[in-house]
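Chain residues, written in single-letter form:
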Amino acid sequence: GLSIPALDLLGQGKALLEQGNPLAAAEVFQRIDQLHPGHPLASHLCGMAFREGARSADAAWLLARSLEGLDLGASHTNLGLCLQDLGRHADAEVCYREAIRQSPTLFLPRLFLGHCQLAQGQLADALVTPDGKVALRQAIAERVAEALHEIEVVDVLFSDFVVQF
């Protein structure tokens, strides 16, 4: 477990994240790592803060390190996001697939897997797998939502039509 000072720092870091100051939060989470070297929660939170602060390379290293103690579907999903930010789509795809294997009820890794496949030009794969269809449907709905200013009914109808077409 974490010491009392580390738990206090954890609260401070989370507050900084909520205030929209991810890089300051990352500094606080790094102080937890100084108290508890290699602690997976500190590594994970610091990695997430770095990603929010547009430092995906630092984030990916920390999130990969956190998997030693937090080998969870959500952890693999977060690492996949960082790798995708860095243009490492094939590596990100491996992370999303591992997240789905570990936590089959999580929706986000399925969504991000579809985005990743689209980025790699694997549209045909996305259309023939159930996970890919779900992710593609969501990706299309998101793009339509942006264009139509969040009109959700049209998004769903349009995305269902395109995937069934």
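The structure we're discussing is the one just above.
Residues numbered from 1 in each chain as written. Predicted model: local features only at pLDDT ≥ 70, side-chain atom pairs only at ≥ 80, totals over all residues. Heavy atoms only, no water.

Caption draft 1: Seen up close, the overall build of the protein. For the protein, the helix and strand inventory stands at 10 helices and 0 strands. Of the regular secondary structure in the protein, the N- to C-terminal order runs α-α-α-α-α-α-α-α-α-α. Taking all 165 residues of the protein together, 42% fall into the buried category. A separation of at least 24 residues holds for 42% of the contacts in the protein among residues at least 6 apart in sequence. By element, 58% of the accessible surface of the protein is carried by carbon and sulfur atoms, the whole surface being about 8900 Å². (Helix = DSSP H or I, 4+ residues; strand = E, 2+ residues; numbered from the N terminus. Buried < 20%, exposed > 50% of the residue type's maximum accessible area, 1.4 Å probe, protein only. Contact = heavy atoms within 4.5 Å. Areas by Shrake-Rupley, 256 points an atom, 1.4 Å probe, with all protein chains shown as cover.)

Caption draft 2: Looking closely at the packing of aromatic side chains. Summed over the entire model, instances satisfying the criterion amount to 1 aromatic pair. Ring centres of Tyr-96 and Phe-112 lie 5.9 Å apart, and the angle between their planes is 40 degrees; on these two criteria the pair is classed as tilted. A residue pair is termed long-range when its members are at least 10 positions apart, and Tyr-96 in helix H6 (residues 89–102) and Phe-112 in helix H7 (residues 108–119) qualify at 16 residues. You'll find Tyr-96 and Phe-112 in the same group, each marked buried. (Phe/Tyr/Trp six-rings, centres within 6.5 Å; stacked < 30°, edge-to-face > 60°.)

Caption draft 3: Summary view of unusual backbone geometry. Unlike most non-glycine residues, Ala-54 shows phi in positive territory, near 65 degrees. Position of Ala-54 among the secondary structure elements: in the loop between helix H3 (40–52) and helix H4 (56–66).

Caption draft 4: Expanded view of the packing of helix H5 (residues 73–85) against H7. One way to put it is that H5 packs onto H7 with a least axis distance of 10 Å and a crossing angle of 20 degrees. What the angle tells us is that H5 and H7 run roughly parallel. The element H5 and its partner H7 pack so that their crossing is left-handed. For the pair H5 and H7, contact is made by Thr-77, Leu-81 and Gln-84 and by Pro-109, Phe-112, His-115 and Cys-116, respectively. Partitioned by chemical class, the residues of the contact of H5 with H7 number 4 nonpolar, 3 polar and no charged. (Axes fitted to C-alpha atoms, helices over the stretch in contact; angles between N-to-C directions. Parallel < 35°, antiparallel > 145°, perpendicular 65-115°, else oblique. Left-handed = near helix turned anticlockwise from the far one by under 90°. Nonpolar A, V, L, I, M, F, W, Y, C, P; charged D, E, K, R; others polar.)

Just distances and angles here, no functional claims.
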